Every structure is written in C-alpha cells, then in structure tokens.
Amino acid sequence: MTPKDLSKEHVALLRAAKAGSLNRRELMRRGIGLGLSATAIAGLISSYRPAPVAAQASPTAGTSPLAGQSIDMTILGIAGWPPSRLGVDMANELFKPYAKEQYGYDVNFSFEEAPFESLFQKAATSLQSGSAQYNIIISDSQWLGALAEPGWIVRLNDIIAENPELDIKFEEAAAIGYRIYPDGSDNIYGFPQEGDVIGLFVRQDLMSDQAERDAYKAANDGEDLPQNWDDWLEVDIDRYERIAKHFTRPDKNLYGTAMQWSKVYDYVSCYAYPFMFSNGGEAWDPATGQIEGIVNSEINIKGLERNKSFLQYAPPGATNYGIGEEVDVFTAGTVATCLQWSALGPQMANQKPGGAPDEVADPSKPVTPDKVLIVPPPGFKQEDGSLKRVYTLGGQPWVLNAFNDEAHQQVAIDFMKFWYLPETQLEFSKRGGDTAVIEVLDSPGYDDLQIHFRAYKYMMRENRSKDFWHDPNYAEMLAVQQEAWNGYMTDVVSDAKLALDYTACKQQEILYDAGRSDIAPSDICSDISL
C-alpha cells in the first residue's frame, strides 16, 4: 500500500469513527491492520461517536435502570502504588462523564487504601462481616483463593457470558495469575487491573562510558559492558555478577545492584524465586499440596544461596530493601543496576507521571530518563547453553464485592466494560499503566509509549513470569517463608538448607492442618526450628 493509499484508508476510518458505523474494537482492529501507530489509533478511537439509538445494541443515556440516580462507589487499593491510584483517578476523570452520557446516572468514586502488607487484612475485616464498604477491590493476585472461598468476591463467569465485551483476550500469564481459582479450573474471579513483571533497570550512561568499558574489559578478558537491548538479552546471571562487581565501589558510594530482600510482605520471596524457577525449581505441587521435598530441593537451596551472594554488591542495609527503598537508591545514583517491578518504570527513571518518556520529574535527582535503560533481567544458563528466564509475576486484578447491592454491582460491571475499551486501555498505558490486553500490547508503537513497556511485554510472554500460590492459606504460608528467607539473608538463620527445610515443614503443616493436603509433614519436621 502506498503512503497515499494509507492516508485515504486512515481518513476513511476517521469518518467511520465519527459516524459511529464501526465500533471501537473494529476501529482498533482495522487501525492495527493498516499499521497505524498507537498514537494514531488512539486519535482514531477518540473520534468515535455512537451511532443513533436505533443502531445501538448497548444502553444509551436514559435506558439504564440506574438513569437519574447518583451512586457513590468505593475502591480499595494499594497505598503508595501508582497503578492503584491511576485506576481511581481515571474512574473519576473519565468514567464519570462516560457513565452520565452512556447510562444516564451520576457516579462518584472514593479511594480507600492500605500498604501491600496490610491491605488484605483491611479487606478481609470488612468482607467477613458481609459489608459492601468496598465495592471494588484491587487485590494482589495471590489473594484470590482467600477471597473466593468464603464467597466474598463474585465469580465472574456468568457476568462475562452476559456481557461478551468482557470476554477479552489477555496475556496467558495474566489470564491465569490474575483471574483463575482454583489453579487449573475455569472459575474466573478477577479482571487484570495492572500487569507487572520484574525488569532490570540499568544506568546505561555508566555502561556506555568509555573509561568504564575499558576498565571492565581489562578485568574480564576483553568482555565488554552491554550497550543496548540485544546485548542485555545475552546477559546471564554470571555475567551480571561480573557487572555488579565492577560497579561496587563503597568509597564512591556506588554499588552494583539492588534487589528486594526485606522481610516485609512478599519482598524477599518474589526476588529469590527467580533464582529457583529459572533453574527448574518450584514452590509446590498445587494438585496435591505437596511442599516438602519441592520447595526445599537442592535446586532451590542453591538458588537461595546465589540470591544472597548478590548482597555483597548492594548498599549497606539492603536486607531491608523493598519497593520504595529501591526507587530511592536508584534515582539517587547509588546503584548501577536494580531489579524492580516494571510498574515503577516512570518512578525509577525519574520520569514525570503521565508526561513524555523523557520528561524529568525531579531535576534535583542525578538520574534522569535519558540515562536509564530498562531490559529483561538476567537469564540463567541451561545445560544446552540456552538462557532461561522464569521470574515472579507481579500485578493485581480488580475483584468485585459479592455483597454489593444490585445498583452498585451494575456500576461495577459498567466500569469494567469501560475499563477494557481500547481507548481506555491506551490512555491507561499513556499514563504509565501496564495493560494485559493482547490487542493493546500488539498495537503499533505500544513499546515506545513508556520507557519500560518493551521489557514488560517481553517478560509477560512465553512463560517468562509466573505466580506462586493462590491458596486460601497464602498469608500464613508467606509469613513463614518471609521469616526464614530474610532470616537467612540477615544471618539469623545459619544456612539456606535450614531456611528451606523449615519453610517446607511449616507450610506442609499449614496445608495438612487446614485439610487442603493429605500429605502430612515428615518426621524430620517434628523438632525443626530456625
């Protein structure tokens, strides 16, 4: 197709959008087919005007049973977590006028929040009393079982069947991790709100400095520092350690790496698991509930040891590092690289939220977007020489409160339908959110909308990220694991084997006592302690 023909087709689509003769999804599909950029597609979809009432299949203003009413909604989300706040901001800014025009009712959203480590308890305390205090909850993915089994959240299969626009093609990791309970079933309890994976944040200005390159080559038999995306794809964990070692200079207040080693919530677990998963280790067998003999395997013991070895290249106090601490040390210029959730791409790069990818948020900080490259984290070399990456899946789903009355549940459903409109997901992406909708991820120009999107999409696909438990006993199992693993990192626990044996025994006991596994802890568990 010539540029002239392309322009004609683009104009024709714009006319169809304004006439309402094509719906938004068809406009997006045809725009992608023409190879239009994500910006052009967003402009195309924003030009859409609904067709006259006779041609509309969906409700228009005044036809909803809620028309004329005013509904107050409350979303419970994660304090200090930008994607949670973004979802609520877009609800008030964009859905509120949409609902008035499309359905004829007024709606206001308020936001309740709690930190990661206390949000589940806040939700559970309310839900166990049968309260509809929080109409929509942004849940961490591992909580699905604990929220679903007591009947606190809505099984969504019937809602999706009645609203086919909610039958959306999500990335496989998200479709499983953020929606399904029990594992392997077809029961859907969540809609992906924010996709997330672990990425590697790199001070590429340091990597490209010629003096650094020369010094690194001299110390590493001519091996060069990675200079671009393709170079970083070839970095395995051994080479990454050489890079971290090179940039560790305590006298200069510069260190090679940072990861999350904190005991808080799931921090150390999420960043230790990749050292296990990528070498074939597992957390458990969800079919039988077997943990002992799996989480404390030799592969996992070596993985936990290797993870701890990177503390020698991290700043003092790194065993207390969580999400916020990593943002602080990276943007302060204290570390040359950092393993961190991709959702923090703009914050890690000191990029202005919602601004252009090169727009600086805080000029007083030494790290600016032009100095940062975000790439997939290191691979782990297999026996055949290939590199394998299996890192922990982050991210959160929306879940709907099962105690909502009919009106609030309808607004929640209407909001979900709005949230997954192509133009809404593109706007979410432009503001820094990580979509899990395949159609949006594959739209031309998506990778360039945000500094972290290319790495995010790469790690979300081809089984490179996976979740761990969705079991209702998640909180108890996690507390045991965090205590043991962080204890090993801080030398409170003498060795990795003890940390993992203790984890296996206590978690097996939790599942057995709860009747969730027929496998009892072995005899060696009777007197094990940290």
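Caption draft 1: Representation of the environment of Arg 249 within the structure. Counting through the fold element by element, Arg 249 comes out in the loop between helix 12 (237-246) and helix 13 (267-277). A sequence separation of 85 residues divides Arg 249 from Thr 334, and the C-alpha atoms of the two residues are 9.9 Å apart. Sequence-distant contacts of Arg 249, that is, excluding residues within four places in its chain, are made with Glu 212 and Leu 254. A polar side-chain atom of Arg 249 sits 2.6 Å from a polar atom in the side chain of Glu 212.

Caption draft 2: Inspection of the nonpolar core at higher detail. Within the largest apolar cluster, 166 residues are counted, with the highest numbers of intra-cluster contacts made by Phe 95, Leu 304, Trp 398, Phe 415, Tyr 420 and Trp 485. It is helix 13 that provides the largest number of residues to this core, a total of nine residues.

Caption draft 3: Layout of the state of the cysteines. Considering all chains together, one arrives at one disulfide under this definition. Between the sulfur of Cys 505 and that of Cys 525 lies a disulfide, 2.0 Å long from S to S. Torsion about the S-S bond of the Cys 505 and Cys 525 cystine: about -75°, corresponding to left-handed handedness. A residue pair is termed long-range when its members are at least 10 positions apart, and Cys 505 in helix 22 (residues 496-513) and Cys 525 in the segment after helix 22 qualify at 20 residues. Neither residue differs from the other here; Cys 505 and Cys 525 are each classed as buried.

Caption draft 4: Spotlight on unusual backbone geometry. With an omega of -10°, the peptide bond running from Tyr 181 to Pro 182 counts as cis. With respect to the helices and strands, Pro 182 occurs in the loop between helix 8 (172-177) and strand 4 (191-194). Residues other than glycine seldom take positive phi values, yet Asn 253 does so here, at roughly 55°. Relative to the helices and strands, Asn 253 is located in the loop between helix 12 and helix 13. Overall, the relative accessible area of 47% leaves Asn 253 in the partly exposed class. The phi torsion at Glu 462 lies on the positive side, around 55°, for a residue other than glycine. Exposure remark for Glu 462: the relative accessible area of 64% places this residue in the exposed category.

Caption draft 5: Expanded view of helix 14 (residues 298-309). Compared with the 16 Å implied by 1.5 Å per residue over twelve residues, the 17 Å span of helix 14 between its first and last C-alpha is a close match. Of the residues making up helix 14, those classed as buried are Asn 300, Ile 301, Gly 303, Leu 304, Asn 307 and Lys 308. Across the axial projection of helix 14, the buried residues extend over an arc of 160°, all falling on one side. Set apart from the buried face of helix 14 by more than 90 degrees, the exposed residues are Glu 298 and Lys 302. Of the surrounding secondary structure, the elements contacted by the buried residues of helix 14 are helix 13, helix 21 (474-489) and helix 22.

Caption draft 6: View of the packing of helix 14 against helix 21. At a minimum axis distance of 10 Å, the contact between helix 14 and helix 21 shows a crossing angle of 50°. The orientation of helix 14 with respect to helix 21, classified from their angle, is oblique. Crossing handedness for the pair helix 14 and helix 21: right-handed. The segment helix 14 lies against helix 21, with Leu 304, Glu 305, Asn 307 and Lys 308 engaging Trp 485, Tyr 488 and Met 489.

Caption draft 7: Just the side chain of His 246, in detail. Relative to the elements of secondary structure, His 246 occurs in helix 12. Not counting residues within four places of it along the chain, the set of residues in contact with His 246 comprises Glu 212, Ala 215 and Tyr 216.

Reading the values: rules and limits
- For every chain, the first residue of its written sequence is number 1, and the numbers climb from 1 along that sequence.
- Totals for whole chains, interfaces and linings use every residue, but because this is a predicted model, local features are given only for residues with pLDDT of at least 70 and side-chain atom pairs only at 80 or more, for both listing and counting.
- In computing side-chain values, all of the structure's heavy atoms are included and hydrogens and water are not.
- Numbered from the N terminus, helices here are DSSP runs of H or I no shorter than four residues, and strands are runs of E no shorter than two.
- Any two residues whose heavy atoms approach within 4.5 Å are treated as being in contact.
- Polar contacts, as used here, are pairs of N or O atoms within 3.5 Å; protein pairs need one atom able to donate a hydrogen and one able to accept it. Residues neighboring in sequence count only if both atoms are side-chain atoms.
- Nonpolar cores were defined as sets of buried Ala, Val, Leu, Ile, Met, Phe, Trp, Tyr and Cys residues, with membership established by side-chain atoms within 4.5 Å.
- Relative accessibility under 20% of the residue-type maximum defines a buried residue, over 50% an exposed one, and the middle range a partly exposed one, all with a 1.4 Å probe and only protein chains included.
- Note that a disulfide, as used here, is simply two cysteine sulfur atoms within 2.5 Å.
- By this rule the span expected of a helix is its residue count minus one, scaled by 1.5 Å.
- This arc is taken over the directions from the axis of the helix to the C-beta atoms.
- A fitted line through C-alpha atoms serves as each axis, taken over the contacting stretch for helices, and the angle formed by two N-to-C directions is quoted from 0 to 180°.
- Convention used here: angles under 35 degrees read as roughly parallel, angles over 145 as roughly antiparallel, angles from 65 to 115 as roughly perpendicular, and any remaining angle as oblique.
- Helix crossings get a hand from a simple test, with the near helix turned counterclockwise from the far one by less than a right angle marking a left-handed crossing and a clockwise turn marking a right-handed one.

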